[in-house]
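Structure assessment
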Amino acid sequence: MRSLILYTGLVVLLLILCYITLTIYTYLGLWYAIFFSLFEIGKTSFACILYIKLISRD
């Protein structure tokens, strides 16, 4: 059950990030969108690793 919630949350987060990236690309340009995407990929990966470690500890 926890993994279902985790994957659903990740998909929703990914869709939100894609929308924000497209909005940034529309208003600011390609380089800002690429920079934002890379920053969010790094931050989200780090958070997912910590979250998975926290879940597997139980």
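Structural notes, computed from the coordinates. Throughout this description, residue numbers start from 1 for each chain and increase along the sequence as written. Per-residue local features of the predicted model are confined to residues with pLDDT of at least 70, and side-chain atom pairs are confined, for both listing and counting, to 80 or more; whole-chain, interface and lining totals are unaffected and use all residues. In computing side-chain values, all of the structure's heavy atoms are included and hydrogens and water are not.

Helix and strand content of the protein chain: two helices and zero strands. Values of the radius of gyration come from C-alpha atoms, whereas the globule rule sets the reference at 2.2 Å times the count of residues to the power 0.38. For 58 residues, the compact-globule formula gives about 10 Å, and the C-alpha radius of gyration of the protein chain, at 14 Å, lies well above that figure. The C-alpha extent of the protein chain, read off along each of the three principal axes, is 45 × 20 × 10 Å. Here the protein chain holds 58 residues, and 16% of them are scored as buried. Each accessible area is a Shrake-Rupley result for a 1.4 Å probe, and residues are judged covered by the shown protein chains and nothing else. Accessible surface, the protein chain: about 5100 Å² in total, of which carbon and sulfur atoms supply 77%. Helix numbers and strand numbers start at the N terminus; a helix is a DSSP run of H or I with at least 4 residues, a strand a run of E with at least 2. Whether a residue is buried, partly exposed or exposed follows from its accessible area with a 1.4 Å probe, protein chains only, as a fraction of its type maximum: under 20%, in between, or over 50%, in that order.

The next subject is the pattern of salt bridges. For salt bridges, the criterion is a side-chain nitrogen of Lys or Arg within 4 Å of an Asp or Glu carboxyl oxygen. The full count for this structure, using the stated rule, is one salt bridge. Lys-43 serves as the salt-bridge partner of Glu-40, at 3.2 Å between the closest nitrogen and oxygen. Residue Glu-40 and its partner Lys-43 are located together in helix α2 (residues 30–57), separated by three residues, close to a single helical turn. When its relative accessible area of 11% is taken as the criterion, Glu-40 is described as buried. Classification of Lys-43 by relative accessible area gives partly exposed; the value is 44%.

For patches, a residue must show more than 30% relative accessible area and have no salt bridge; joins then use 9 Å for like charges and 5 Å for nonpolar side chains, namely Val, Leu, Ile, Met, Phe, Trp and Tyr. There is a patch of nonpolar side chains on the surface, built from Tyr-25, Leu-30, Trp-31, Ile-34, Leu-38 and Ile-41 and spanning about 690 Å² of accessible area. For the nonpolar patch, the element with the highest residue contribution is α2, accounting for five residues. Position of Leu-30 relative to the elements: it lies in helix α2.

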